[in-house]
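These are the residues of each chain, in order.
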Amino acid sequence: MRSEEQKGEIMKRKKKLKGKKERIMEDWTWKERKMRWSKLTFCFTCDDTKSCQKLWGGRFAEDVDPDFHNLNSSINIDKRMYAEDIQGSVAYARALCKINHLSQEEMQLINVAFKQIQDEWDNSKFIINHEDEDIHSANERRLSELIGDVAKKLHTGRSRNDQTVTDTKLWLRKSIDKLLLRITKFVEVLVIQAEQDIDVLMPGYTHMQRAQPIRWSQWLLSYAWYMKQDLERLLEVRKRVNILPLGSGAIAGNPFSINRQFLAIELGFDEITQNSMHAVGDRDFVAEFLFWSSLSAVHLSRFCEDLIIYSTQEFNFVKFADKYSTGSSLMPQKRNPDCMELIRGKTGTILGKCTGFMITLKGIPSTYNKDLQEDKEILFYTYDTLYQMFHIAEKALSTLKINREDCKNALTSDMLATDMAYYLVTKGVPFRESHHLVGKVVALAESQGIPLSGLTISQLKTISEAFEDNVSYIWDFNSSVDQYQTTGGTSLKAVQQQISNLRAWLRDFPFKK
């Protein structure tokens, strides 16, 4: 899409040529453009047809050792940023044009050529040469093949140091936006399921021991609140990603009065970096994203661990759909929750990637060092894996079957011991004392081999005279759950309020489909 300023410039150039046979490049056919480019095609990095030098090869007398070239090359990893590299280069060409280091015709020649290069990448037609060290050299080499000497001007004042960090930020910003949408969808499913099964009661667990009765929805929403915090944290990470480093050069800045604010606007950045050395050596935004990913994956892993437990025959609270379950090659009866186990397992790998990159950062001196090339492989893996994890978790949850009766049957009267302590509090017994007395009641029931609710009023009075006949009302699980009316509680009203609050937050969330 061209800006109004660009459209106006094109119209001015058209008026100058009015009445002449000459036409501006924008009006050329693709056949005419290809004919023009074929006349200019040559390899700007080659001294002859047999030997090809690197972008930085002028001061070296020997070619790079082939084995070292293979170690040094990152094209098979960072080619993923081809669109961002082109986007940054087109913006930089416009900035060079504004300070008269490129003419309008040269800038348009670069723009049109980059459109072809992007089309080649988009359609898997771009041919990577063995000499292409990275995505930056590959795109620049191809640009030179298409438009010749003009391509040599593009890198004026720009270093791969500020180019690569700009590309990485552009790619990560786009990927963060996709993750925001993905996780928002997961939260929506959590809320939908919570509302749908709001009447299901189940045991709540602490230390993996039955604790108090809760709503199934309360468990679901506990993870919705985790994910809400993860989304808010990711928005904060995005703010620090969206600071433009382009125009910092290799280390000392740009000597050609390049308009960095213009570049920021062109590329959609909120602000620009304020120190060139910091800009080219900074990978805190990568580390921060990796940590955020690790924490978010941990939350998702805990969610999966709960469901793995709940899906066992010992619990049987839930059942995964066939499409998200696997079997055994030996045992025909097996039904394994591999969708959840894989998410749990991949969380460990994401944590390891984060730790590994932090160790890489800790050992390098200031500004750019080639160690930082390791950031992209880790970044791509982490994003891809986390996105897939949330997608599968969302699908598995959407098709999850709740075994209502099994959840209900798992509720036992000993889980109402706290309710009994609260009952004594209403009779004027201090809580600490009531807690001690109910402990004795529990011990008595265990010694008699009967449930807590099986004790008679006379047996209860042997422990405390505060017990009266109306103690029987506490043996109602629905009443127990519904007594927690305060914000965040498990009562119907409190859970409905959580759902309402989350829906309002989702409506106002800045990233929507």
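Remember, it's a predicted structure, so these values are computed and weren't measured experimentally.

Each value, and the rule that gives it
- Residues numbered from 1 in each chain as written.
- Predicted model: local features only at pLDDT ≥ 70, side-chain atom pairs only at ≥ 80, totals over all residues.
- Heavy atoms only, no water.
- Helix = DSSP H or I, 4+ residues; strand = E, 2+ residues; numbered from the N terminus.
- Buried < 20%, exposed > 50% of the residue type's maximum accessible area, 1.4 Å probe, protein only.
- Contact = heavy atoms within 4.5 Å.
- Areas by Shrake-Rupley, 256 points an atom, 1.4 Å probe, with all protein chains shown as cover.
- Salt bridge = Lys/Arg side-chain N within 4 Å of Asp/Glu carboxyl O.
- Pairing = 2+ DSSP bridges.
- Patch = residues over 30% accessible without salt bridge, like charges linked within 9 Å, V, L, I, M, F, W, Y side chains within 5 Å.
- Axes fitted to C-alpha atoms, helices over the stretch in contact; angles between N-to-C directions.
- Parallel < 35°, antiparallel > 145°, perpendicular 65-115°, else oblique.
- Left-handed = near helix turned anticlockwise from the far one by under 90°.
- Nonpolar A, V, L, I, M, F, W, Y, C, P; charged D, E, K, R; others polar.
- Phe/Tyr/Trp six-rings, centres within 6.5 Å; stacked < 30°, edge-to-face > 60°.
- Lys NZ or Arg CZ within 6 Å of the ring centre and 35° of its normal.
- Core = buried A, V, L, I, M, F, W, Y, C linked by side-chain atoms within 4.5 Å.
- Domains from an automatic or database assignment.
- pLDDT = per-residue confidence, 0-100.

Novice: Help me understand the overall build of the protein chain, please; the structure alone is not making it clear to me.
Specialist: A count of helical and extended segments in the protein chain gives 20 helices and 6 strands. Relative to its full complement of 513 residues, the protein chain shows a buried share of 49%. Long-range pairs, those at least 24 residues apart, make up 75% of the contacts in the protein chain with a sequence separation of at least 6. Only carbon and sulfur atoms are counted for the fraction: they give 51% of the accessible area of the protein chain, which is about 26100 Å².

Novice: Even after reading the chapter, I still don't get the pattern of salt bridges, so can you show me in this structure?
Specialist: A side chain of one charge can pair with a side chain of the opposite charge if their charged atoms are brought near each other. Within this structure, the stated rule accounts for 28 salt bridges. For the salt bridge of Glu 145 with Arg 142, the shortest nitrogen-to-oxygen distance reads 3.0 Å. Here the residue Glu 145 and the residue Arg 142 both occupy positions in helix H7 (residues 135–147), the gap between them amounting to 3 residues, near one helical turn. The class of Glu 145 is buried, set by a relative accessible area of 16%.

Novice: What should I look at first to understand the pairing of strand E1 (residues 201–206) in this one?
Specialist: Here is the key point about a regular strand: its side chains alternate between the two faces of the sheet. In this structure, E1 lies alongside strand E2 (residues 209–215), joined through 6 bridges in antiparallel fashion. Opposite Met 202, over in E2, you have Ile 214 as the bridge partner.

Novice: So what exactly am I meant to see when it comes to a nonpolar patch on the surface here?
Specialist: On the surface, a nonpolar cluster with roughly 230 Å² of combined accessible area is contributed by Tyr 422, Val 425 and Phe 431. Structurally, Tyr 422 is set in helix H16 (residues 417–426). By relative accessible area, which is 32% here, Tyr 422 ends up partly exposed.

Novice: Even after reading the chapter, I still don't get the packing of helix H8 (residues 160–196) against helix H14 (residues 375–398), so can you show me in this structure?
Specialist: The packing of two helices is summarised by the inter-axis angle and the distance between the axes. H14 packs onto H8 with a crossing angle of 15° between their chain directions and a minimal axis gap of 10 Å. Taken together, H8 and H14 sit at an angle that is classed as roughly parallel. Here the hand of the crossing between H8 and H14 comes out left-handed. Among the residues making up the contact of H8 with H14, the classes are represented as 15 nonpolar, 6 polar and 6 charged.

Novice: It is not clear to me how the packing of aromatic side chains should be interpreted in this structure. Could you clarify?
Specialist: According to the stated counting rule, one finds 23 aromatic pairs in the structure shown. Aromatic pair Phe 186 and Phe 390: ring centres 5.7 Å apart, planes at 70°, arrangement edge-to-face. Placement of Phe 186 in helix H8 and of Phe 390 in helix H14 is noted, with a sequence separation of 204 residues between them. Plain terms: the ring middles of Tyr 205 and Tyr 310 are 6.4 Å apart, the flat faces sit at 40° to each other, and that makes the pair tilted. Linking Tyr 205 in strand E1 with Tyr 310 in helix H12 (residues 284–310), this pair joins segments that are 105 residues apart in sequence. Take Tyr 310: its relative accessible area is 7%, and that puts it in the buried class. Following the ring pairs from residue to residue traces out a cluster consisting of Phe 186, Tyr 205, Trp 216, Trp 219, Tyr 223, Tyr 226, Phe 303, Tyr 310, Phe 315, Phe 317 and Phe 390. Of note, Lys 98 hangs over the ring of Phe 262, and the distance from its end group to the ring centre comes to 4.9 Å. Lying across the ring of Tyr 381, Lys 353 places its NZ or CZ 4.8 Å from the centre.

Novice: How should the nonpolar core be read in this particular structure?
Specialist: Inside soluble globular proteins, nonpolar side chains tend to come together where they are buried. With 79 residues, the main nonpolar core has Trp 216, Phe 289, Phe 303 and Leu 307 as its most contacted residues. At the level of secondary structure, the elements contributing two or more residues to this core comprise H8, helix H9 (216–241), H12, helix H13 (338–362), H14 and helix H20 (492–508). Structurally, this core is a two-domain feature, drawing no fewer than three residues from each of domain 2 (160–410) and domain 3 (413–508). Contacts of Trp 216, omitting those with residues within four sequence positions, involve Asp 197, Val 200, Met 202, Leu 307, Tyr 310, Val 318, Leu 400 and Ile 402. In terms of nonpolar packing, the next biggest core, distinct from the first, is built from 37 residues, Tyr 82, Leu 96, Leu 146 and Val 150 among them.

Novice: Looking at this model, I keep getting lost on unusual backbone geometry. Mind explaining?
Specialist: Peptide bonds are trans in most cases, and residues, glycine excluded, mostly fall at negative phi. Positive phi outside glycine occurs at Asn 100, with the angle close to 65°. Within the secondary structure layout, Asn 100 lies in the loop between helix H5 (82–98) and helix H6 (104–122). Since its relative accessible area comes to 68%, Asn 100 is described here as exposed. For Thr 367, which is not glycine, the phi dihedral falls at a positive 65°. Tracing the backbone shows Thr 367 in the loop between H13 and H14. Given the relative accessible area of 15%, Thr 367 is considered buried.

Novice: So what exactly am I meant to see when it comes to the confidence of the model for the protein chain here?
Specialist: Predicted coordinates in areas of low pLDDT are best not read in detail. Looking at the protein chain as a whole, its pLDDT mean stands at 91, while 88% of the residues score no less than 70. A low-confidence stretch, residues 34–53 (pLDDT under 50), is modelled with 36 contacts involving residues beyond four sequence positions or located in other chains.

Novice: Would you explain the packing of H12 against H13 in this entry?
Specialist: Look at H12 against H13: their axes get within 8 Å of each other, and the N-to-C directions meet at 160°. With respect to their mutual orientation, H12 and H13 come out roughly antiparallel. Crossing angle aside, the handedness with which H12 passes H13 is left-handed. Classifying every residue of the contact of H12 with H13 by side-chain character gives 18 nonpolar, 4 polar and 4 charged.

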